[in-house]
Amino acid sequence: MSWVRFFFGPAWRRYVTITVLVVVGLLLALRLFAVTPMARSFVVNQIESANSSEQSIEIEGLRGDMLGRFSVDRITLADAEGIWLSIDDLDLAWAPLALISGEMRVKALDVREINMRRQPSFQPSDRETQSTFMDRYRLEALQVDRVIFANGIVGPAQAYTLSGTLDATNSMGVAVLNLQPIVAVGDPPRVCPRRCGE
């Protein structure tokens with residue numbers, strides 16, 4: 001009898017119930033899809049398809065839940081001269097539901113090694129910067145076991161550990177970073193809290 005009243009009752013009740021069921025079904029399907037190899041392949045293809053003629057990015061070994069916690073074996077950034085930056089063993093946990101309120105929230109970002117081999121070569125671009133619907137960016141915990149600067153980037157070759165947090169909007173933000181030398185070689189890197197030279 002209750003199902004009869006549902007189907008022949010007020011139209012708004014049927015529409016609301018059906019809409020809720022459809023949304024829940026789509027969210028469940030998305031949740032299940034996020035842990036599949038197809039989802040990981042889709043993410044990699046989308047990122048790598050954004051490569052330009054000046055800069056390119058390559059992702060290797062993407063695993064885990066795209067809507068929760070995932071890891072990447074290696075990320076490389078390259079220009080016309082080759083690879084200038086590599087990131088090894090990245091592990092990231094984020095909160096995708098925060099996107100609803102316009103916030104990119106990363107709960108934890110752990111990296112074994114970031115290796116900056118040289119300074120990249122950037123060509124001036126005439127393309128306008130695309131706007132984003134994101135209003136806030138939060139990184140609650142950053143930990144990098146080893147940050148390597150090759151010789152000539154910030155002086156002699158140097159290696160550091162890095163930890164910190166970030167809370168920023170499109171116009172301002174607060175970053176708390178702790179950079180500790182692993183091997184003290186030469187002068188420390190030049191870190192400018194504002195624009196260098198001020």
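As the structure is a computational prediction, the values presented were derived from the model and not from experiment.

(A) A look at the overall build of the protein. When helices and strands are counted, the protein shows three helices and seven strands. From first element to last, N terminus to C terminus, the protein shows the α and β order α-α-α-β-β-β-β-β-β-β. Of all 198 residues assigned to the protein, the portion counted as buried reaches 28%. Of the contacts made within the protein by residues no fewer than 6 positions apart, 49% connect residues no fewer than 24 positions apart.

(B) Highlighting the packing of aromatic side chains. In total, this model carries one aromatic pair according to the counting rule given. With a centroid separation of 6.2 Å and 70° between ring planes, the pair formed by phenylalanine 149 and tyrosine 160 is classed as edge-to-face. Separated by eleven residues along the polypeptide, phenylalanine 149 in strand β5 (residues 136–149) and tyrosine 160 in strand β6 (residues 158–169) bring together distant segments of the chain. One exposure class covers both phenylalanine 149 and tyrosine 160, and it is buried.

(C) Up close: the pattern of salt bridges. Evaluation of the coordinates by the stated rule reveals twelve salt bridges. For aspartate 89, the salt bridge goes to arginine 112, with nearest N and O atoms at 2.5 Å. Here aspartate 89 is found in strand β3 (residues 82–94), whereas its partner arginine 112 is found in strand β4 (residues 103–116), with 23 residues between them in sequence. Look at arginine 112 and you get partly exposed, because its relative accessible area is 40%.

(D) Spatial organisation of the nonpolar core. Membership of the largest hydrophobic core comes to 22 residues, with the highest contact counts inside it found for Phe70, Val72, Leu90, Leu92 and Leu109. Elements with a minimum of two residues in this core: β1 (56–64), β2 (69–79), β3, β4, β5 and β6. No other element matches β5, which puts five residues into this core. In this structure, leucine 90 is in contact with Phe70, Ser71, Val72, Ile75, Leu109, Asp110 and Val111, ignoring residues within four places of it in sequence.

(E) Broad picture of the environment of glutamate 81. The topology assignment puts glutamate 81 in the loop between β2 and β3. The exposure class assigned to glutamate 81 is exposed, which follows from its relative accessible area of 62%. In the structure, glutamate 81 is positioned 39 residues away from proline 120 in sequence and 8.5 Å away in space, judged by C-alpha atoms. Not counting the four nearest positions on each side in its chain, glutamate 81 is found in contact with Arg118 and Ser121.

(F) View of the side chain of threonine 76. Checked against the element boundaries, threonine 76 lands in strand β2. Apart from residues no more than four positions distant in its own chain, threonine 76 is found in contact with Ser56, Ile57, Glu58, Ile83, Leu85 and Ser86.

(G) Region of interest: the pairing of β1. With eight bridges connecting them, β1 and β2 associate as antiparallel partners. Note on β2: the bridge partner recorded for arginine 63 is serine 71. Taken together, β1 and the strand that follows it, β2, pair antiparallel across an intervening segment of four residues.

(H) Fine view of the environment of alanine 98. Looking at where alanine 98 falls in the secondary structure, it is placed in the loop between β3 and β4. With 38 residues separating them in the primary sequence, alanine 98 and arginine 136 have C-alpha atoms 9.8 Å apart. If we ignore the near neighbours within four places in the chain, the residues touching alanine 98 are Glu103 and Arg105.

Parameters and conventions
Residue positions are given per chain, counting from 1 as you read along its sequence in written order. Thresholds applied to this predicted model are a pLDDT of at least 70 for local features of residues and 80 or more for the giving and counting of side-chain atom pairs; totals over whole chains, interfaces and linings are not thresholded and use all residues. To get the side-chain values, all heavy atoms of the structure are used, and hydrogens and water are removed first. For the purposes of this entry, the term helix denotes a DSSP run of H or I that reaches at least four residues, the term strand denotes a run of E that reaches at least two, and both are numbered from the N terminus. When a residue's accessible area, from a 1.4 Å probe over protein chains only, is under 20% of the maximum for its type it is buried; when over 50% it is exposed; and in between it is partly exposed. Residue contacts follow a heavy-atom distance rule, with two residues in contact if any of their heavy atoms lie within 4.5 Å. Aromatic pairs are defined between Phe, Tyr and Trp rings, using the six-membered ring for Trp, whenever the two ring centres lie within 6.5 Å; interplanar angles under 30 degrees are classed as stacked, those over 60 as edge-to-face, and all others as tilted. Here a salt bridge means any side-chain nitrogen of Lys or Arg lying within 4 Å of a carboxyl oxygen belonging to Asp or Glu. What is meant by a nonpolar core is a set of buried Ala, Val, Leu, Ile, Met, Phe, Trp, Tyr and Cys residues, joined one to another through side-chain atoms within 4.5 Å. For two strands to be treated as a pair, DSSP must find no fewer than two bridges joining them.

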